[in-house]
Amino acid sequence: MLGLRYQNRKQALEALQVMMSRVQKGLVAGFAATVAVSIIEAVNMTVGHWAVSFPQLLSVMLRTPDIPAVGWIAHIVVGTLVLGPLFAILCPRLPTDTPESKGILFAVGAFILMGLTVAPIAGMGMFFMRGGFGTLAWMIVSHAIFGIVLGNVYGRLVRREKLHPPIHAAPAH
C-alpha cells in the first residue's frame with residue numbers, strides 16, 4: 001500500500017514514521033481523555049448516579065454486570081487503544097480548525113456510532129433512550145468532554161513536536 005503512494009523506500013519509511021508518531025500521540029491523548037471522563041464517570045457513580053455510566057453499560061454488554069471492573073477496563077482500553085489512535089489518524093482530515101473542535105467532531109461521531117450499535121446491543125435502545133433523557137444527555141456531555149480533552153492534548157503534543165523536533169541519531173555502524 002505504501003509502495004503505490006511513494007516513489008522510494010525512504011519516502012515510505014518517513015511516511016510510516018509520521019503515522020507512528022501520530023498514533024503515539026493519539027495513545028497519550030486518548031489516555032488523558034479517558035482519565036478525564038473516568039473522573040466524571042466515577043463522580044456520577046458515587047455521588048449522584050443521575051445516569052447510566054459508560055463503564056456500567058460496558059459491564060452489562062460484556063455480560064458481567066456484577067463485576068464493574070470489567071466495564072472500567074473495557075472503557076480504558078477503548079478510549080486509549082482504539083479512539084485515541086483512530087483520532088490521530090483522522091485528525092488531519094477532519095474539517096474544522098482547532099484541535100478541540102476536531103476532537104468534539106470525532107467524539108460526536110463516536111457517540112452516534114455507539115448510539116446506533118453499542119447501546120442497542122447492551123439493551124439500552126437506540127441512543128440509550130431506555131435509560132431516559134438523563135442518560136442520553138450524560139453520554140452527549142461526556143463524549144464532548146472526551147473530545148475536548150482528546151483534541152487539546154493531541155494538539156499540544158503536535159505543537160510541541162513542531163517547536164522541538166526530536167533529534168534522530170545516526171545508526172551506529
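Thresholds, definitions, all that
- Residues numbered from 1 in each chain as written.
- Predicted model: local features only at pLDDT ≥ 70, side-chain atom pairs only at ≥ 80, totals over all residues.
- Heavy atoms only, no water.
- Axes fitted to C-alpha atoms, helices over the stretch in contact; angles between N-to-C directions.
- Helix = DSSP H or I, 4+ residues; strand = E, 2+ residues; numbered from the N terminus.
- Parallel < 35°, antiparallel > 145°, perpendicular 65-115°, else oblique.
- Left-handed = near helix turned anticlockwise from the far one by under 90°.
- Contact = heavy atoms within 4.5 Å.
- Nonpolar A, V, L, I, M, F, W, Y, C, P; charged D, E, K, R; others polar.
- Core = buried A, V, L, I, M, F, W, Y, C linked by side-chain atoms within 4.5 Å.
- Buried < 20%, exposed > 50% of the residue type's maximum accessible area, 1.4 Å probe, protein only.
- Patch = residues over 30% accessible without salt bridge, like charges linked within 9 Å, V, L, I, M, F, W, Y side chains within 5 Å.
- Areas by Shrake-Rupley, 256 points an atom, 1.4 Å probe, with all protein chains shown as cover.
- Salt bridge = Lys/Arg side-chain N within 4 Å of Asp/Glu carboxyl O.
- Phe/Tyr/Trp six-rings, centres within 6.5 Å; stacked < 30°, edge-to-face > 60°.

J.: Give me the lowdown on the packing of helix α4 (residues 68-90) against helix α7 (residues 133-163), citing residues and values where you can.
T.: Two numbers describe how α4 lies on α7: the axes approach to 11 Å, and their chain directions differ by 60°. With respect to their mutual orientation, α4 and α7 come out oblique. Considering only the axes of α4 and α7, their crossing is right-handed. Counted together, G79, L83, G84, F87 and A88 of α4 and F146, L150, G151 and Y154 of α7 form the full contact between these two elements. When grouped by side-chain class, the residues that make up the contact of α4 with α7 number six nonpolar, three polar and no charged.

J.: Kindly report on the nonpolar core, identifying the contributing residues and their values.
T.: The biggest cluster of nonpolar side chains holds 15 residues, and the ones touching the most others in it are A29, L83, F87, F106, F146, L150 and Y154. For this core, the elements supplying multiple residues, two or more each, are α2 (9-48), α4, α5 (99-116) and α7. For this core, the element with the highest residue contribution is α7, accounting for five residues. Not counting chain neighbours up to four residues away, the residues in contact with F146 comprise G30, A33, T34, V37, G79 and L83.

J.: Residues and numbers for a nonpolar patch on the surface, please.
T.: The grouping of F31, V35, I39, V43, V47, W50 and I76 at the surface amounts to a nonpolar patch, some 660 Å² of accessible area in total. Ranked by residues supplied to the nonpolar patch, first place goes to α2 with five residues. Positionally, W50 belongs in the loop between α2 and α3 (54-61).

J.: Kindly report on the side chain of T80, identifying the contributing residues and their values.
T.: You can see T80 is positioned in helix α4. Among the residues examined, T80 registers a relative accessible area of 10% and is labelled buried. Leaving out residues up to four positions away in the same chain, T80 has contacts with L27, G30, F31, T34 and P85.

J.: Tell me what's going on with the packing of aromatic side chains, and back it up with residues and numbers.
T.: Inspection of every chain in the model, using the stated rule, returns four aromatic pairs. Seen in terms of ring centroids, F111 and F127 are 5.6 Å apart; in terms of plane orientation they differ by 40°. Their pairing is tilted. In this pair, F111 sits in helix α5 while F127 sits in the loop between α6 (118-121) and α7, placing the two residues 16 residues apart along the sequence. Members of the aromatic cluster, each reached through a chain of ring pairs, are F87, F106 and Y154.

J.: So what's going on with the environment of G147? Which residues, and what values?
T.: With respect to the helices and strands, G147 occurs in helix α7. Measuring from C-alpha to C-alpha, the distance between G147 and G103 comes to 4.0 Å, with 44 residues separating the pair along the chain.

J.: Lay out the pattern of salt bridges in plain terms, naming residues and giving numbers.
T.: Per the stated rule, a full pass over the model turns up one salt bridge. Ionic pairing is found between K25 and E161, a salt bridge with its closest N-O pair at 3.0 Å. Linking K25 in helix α2 with E161 in helix α7, this pair joins segments that are 136 residues apart in sequence.

J.: An account of unusual backbone geometry is needed here, citing residue identities and associated values.
T.: Within the chain, R63 stands out as a residue other than glycine whose phi angle is a positive 60°. In this structure, F127 takes a positive phi of about 55° despite not being glycine. Residue classification places F127 among the partly exposed positions, given a relative accessible area of 24%.

J.: Pulling in residues and values, what's your account of the packing of α4 against α5?
T.: Two elements in contact, α4 and α5, have axes whose closest approach is 11 Å; the angle formed by their N-to-C orientations is 120°. Put simply, α4 runs oblique to α5. Taken as a pair, α4 and α5 cross one another with a handedness that is right-handed. Contact residues: L83, L86, F87 and L90 in α4; P99, K102, G103, F106 and A110 in α5. Of the residues assigned to the contact of α4 with α5, the class counts are seven nonpolar, one polar and one charged.

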